[in-house]
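Chain by chain, the residues:
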Amino acid sequence: MRWKRLNQGKGFTLLEVLIATAILSMILIAVHSALQAGQTAWLIQEGQLNVQGQVRNALTMIKKDIQAAHYIDVDTSPGFSLKCQTTNNMEGPIYVMSSTGANANVLYRQDYSGGSMIENKVAARNISAIKATAAASGSRVEVDLTLQASFTAAFNKPQRLSVTQYFITRTGASIIE
């Protein structure tokens, strides 16, 4: 008696199916890795843009306030304080940042009028370092301002932004001593 093969040439063998599944799995893993890398890069760039925008807005505010000030004072202990007073009786904005506590790494702009604070608003968040120096040169005050920001991006990996530096000159101002 002769044995007849059923379904001659009309299907795939188990070995062919396993090889096709392995190849497809490798392709899907490669595609997934590429998509995940793209998403990570996207989240990092989005975080950088957000923080850069905050820093740029804060620097623009500080520049305008310094250019309008008649008296400028920089105090770096403890924390940070930049006073841009329009008169010598505490009129005008003061920028403050604490390096500890619940408000750490937040730069605030406090407006003063008549010796009392009338507004306290956030100028920038995620500021990891701020430094300013003011030097008088004749009737000019030169302020060298450095802001450094950090943020947490994809998968809770901390990212640090490069230092943003501003050099602001104000003619007709003096440094508070």
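(A) Expanded view of the overall build of the protein chain. Counting its regular elements, the protein chain contains one helix and 10 strands. Going from the N terminus to the C terminus, the protein chain shows its helices and strands as α-β-β-β-β-β-β-β-β-β-β. Put simply, the protein chain has 177 residues, and 29% of those count as buried. By element, 55% of the accessible surface of the protein chain is carried by carbon and sulfur atoms, the whole surface being about 11700 Å².

(B) Layout of the pattern of salt bridges. Following the criterion strictly, the structure yields three salt bridges and no others. Taking the shortest distance from any N to any O, the salt bridge between Arg 109 and Asp 65 comes out at 2.9 Å. One end of the pair, Arg 109, is in strand S4 (residues 107-113); the other, Asp 65, is in helix H1 (residues 14-68), and 44 residues separate them in sequence. The class for Asp 65 is buried, based on a relative accessible area of 12%. Members of the salt-bridge network, linked through shared partners, are Asp 65, Arg 109 and Asp 111.

(C) Molecular detail of the side chain of Ser 81. Within the secondary structure layout, Ser 81 lies in strand S2 (residues 80-85). Residue classification places Ser 81 among the buried positions, given a relative accessible area of 13%. Those residues in contact with Ser 81 that lie beyond four places of it in its chain are Asp 73, Val 74, Asp 75, Ile 94, Tyr 95 and Val 96.

(D) How the structure looks around the nonpolar core. Ranked by size, the top nonpolar core spans 26 residues in total, and within it Ile 66, Leu 82, Leu 107, Ile 127 and Ile 130 carry the most contacts. Of all elements in the fold, only H1, S2, strand S3 (92-97), strand S5 (116-124), strand S6 (127-137) and strand S7 (140-152) reach the threshold of two or more residues within this core.

(E) The arrangement of the side chain of Asp 111 in detail. Its location among the elements puts Asp 111 in strand S4. If sequence neighbours within four positions are ignored, Asp 111 has contacts with Gly 92, Pro 93, Ser 116, Met 117, Ile 118 and Glu 119.

(F) Molecular detail of H1. The end-to-end C-alpha distance of H1 is 81 Å, a good match for the 81 Å that 55 residues give at a rise of 1.5 Å each. Taken together, the buried positions of H1 are occupied by Thr 40, Gly 47, Val 51, Gly 53, Val 55, Ala 58, Leu 59, Ile 62, Asp 65 and Ile 66.

(G) The environment of Gln 85, seen in detail. By the secondary structure assignment, Gln 85 is in strand S2. Considered as a pair, Gln 85 and Asp 73 are 12 residues apart in the sequence and their alpha carbons are 8.4 Å apart.

(H) Broad picture of a nonpolar patch on the surface. Where nonpolar side chains cluster on the molecular surface, the patch consists of Leu 15, Ile 19, Ile 23, Met 26, Ile 27, Val 31 and Leu 35 and spans about 710 Å² of accessible area. Inspection of the secondary structure puts Leu 15 in helix H1. The exposure class assigned to Leu 15 is exposed, which follows from its relative accessible area of 59%.

(I) Fine view of the pairing of S5. In this sheet, S5 lies alongside S4 in antiparallel orientation, the contact comprising seven bridges. By the bridge assignment, Tyr 112 is partnered in S5 with Met 117. The loop that links S4 with its antiparallel partner S5 comprises two residues; one of these, Gly 114, has a positive phi angle of about 65°.

What counts and how
Residues numbered from 1 in each chain as written. Predicted model: local features only at pLDDT ≥ 70, side-chain atom pairs only at ≥ 80, totals over all residues. Heavy atoms only, no water. Helix = DSSP H or I, 4+ residues; strand = E, 2+ residues; numbered from the N terminus. Buried < 20%, exposed > 50% of the residue type's maximum accessible area, 1.4 Å probe, protein only. Areas by Shrake-Rupley, 256 points an atom, 1.4 Å probe, with all protein chains shown as cover. Salt bridge = Lys/Arg side-chain N within 4 Å of Asp/Glu carboxyl O. Contact = heavy atoms within 4.5 Å. Core = buried A, V, L, I, M, F, W, Y, C linked by side-chain atoms within 4.5 Å. Expected span 1.5 Å × (residues − 1). Patch = residues over 30% accessible without salt bridge, like charges linked within 9 Å, V, L, I, M, F, W, Y side chains within 5 Å. Pairing = 2+ DSSP bridges.

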